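# Coordinate analysis (summary)
Chain residues, written in single-letter form:
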Amino acid sequence: QVQLVESGGGLVQPGGSLRLSCAASGNIFRGNAMGWYRQAPGKQRELVAGLTSGGITTYRDSVKGRFTISRDNVENTVYLQMNSLKPEDTAVYYCNAPVTIGTWRPLGSWGQGTQVTVSS
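Residues numbered from 1 in each chain as written. Predicted model: local features only at pLDDT ≥ 70, side-chain atom pairs only at ≥ 80, totals over all residues. Heavy atoms only, no water.

Helices and strands together make up the secondary structure of the protein chain, namely zero helices and ten strands. For the protein chain, the N- to C-terminal ordering of α and β elements is β-β-β-β-β-β-β-β-β-β. Taken against the 2.2 N^0.38 rule, which gives 14 Å for 120 residues, the C-alpha radius of gyration of the protein chain at 13 Å falls within 12% of a compact globule. Each of the 120 residues in the protein chain was classed as buried or not, and the buried ones make up 42%. (Helix = DSSP H or I, 4+ residues; strand = E, 2+ residues; numbered from the N terminus. Rg over C-alpha atoms; globule rule 2.2 N^0.38 Å. Buried < 20%, exposed > 50% of the residue type's maximum accessible area, 1.4 Å probe, protein only.)

As enumerated under the stated definition, the model contains one disulfide in all. Paired through a disulfide, cysteine 22 and cysteine 95 show a sulfur-sulfur distance of 1.8 Å. One quick way to see it: the torsion about the S-S bond of cysteine 22 and cysteine 95 is about 55°, and its sign makes the bridge right-handed. On the criterion of sequence distance, the pair formed by cysteine 22 in strand β3 (residues 18-24) and cysteine 95 in strand β9 (residues 91-96) is long-range, its members being 73 residues apart. (Disulfide = S-S within 2.5 Å.)

What follows concerns the nonpolar core. Among the nonpolar cores identified, the biggest contains 28 residues, and Trp36, Leu80 and Tyr93 are the most heavily contacted of them. When residues of this core are traced back to their parent elements, those giving at least two are β3, β4 (34-39), β5 (46-51), β7 (67-72), β8 (77-82), β9 and β10 (114-118). Element by element, the count of residues in this core is highest for β3, at four residues. Grouped together as the second largest cluster of nonpolar side chains are five residues, Ala33, Tyr37, Leu47 and Val99 included. (Core = buried A, V, L, I, M, F, W, Y, C linked by side-chain atoms within 4.5 Å.)

The next point concerns unusual backbone geometry. Geometrically, the link from alanine 97 to proline 98 is a cis peptide bond, its omega value of -5° lying close to zero. For proline 98, the location among the structural elements is in the loop between β9 and β10. Of note in the backbone geometry, serine 84 takes a positive phi value of approximately 50° without being a glycine. Within the secondary structure, serine 84 is located in the loop between β8 and β9. You can call serine 84 partly exposed: its relative accessible area is 39%. Of note in this structure, tryptophan 104 is not a glycine but carries a positive phi near 55°. Among the structural elements, tryptophan 104 can be located in the loop between β9 and β10. For tryptophan 104, a relative accessible area of 11% translates into the label buried.

As C-alpha cells, then:
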C-alpha cells in the first residue's frame, strides 16, 4: 500500500509563505488525480486544492490566488505553495491520492499530516 508523507508545515506570521510537500512511497501520482486537504480543530476535513493527471486544478474559493498545487512525477512528490497566509489557514494539512475527479473524494490512505499555524 502506498504511503503518503506530508512535510513543510510550521509556524508563520500572517502574510507569510510555506511550501508543503507530499512524498509517496510508490508511483501513485502518475495517472491519478490527487488533492490537498486540511482539517482545523473542531471542523471537518476539507479540500484545499486538487490536481488531475492532465494538469487541471481546482481550489477552494478562500485560497484562490494564494495557493498553488503542483506535482513532480519523477520524484513522486506533490507540492502546495501557500502565500499570503491568513490565521484562518491554520490547520493540519494532508494529501491524498487517488481522488475522484469532480467530487474530489479521497480514496487513498491518510498520512500523518503537517501542522500549519498562522499567527503573529
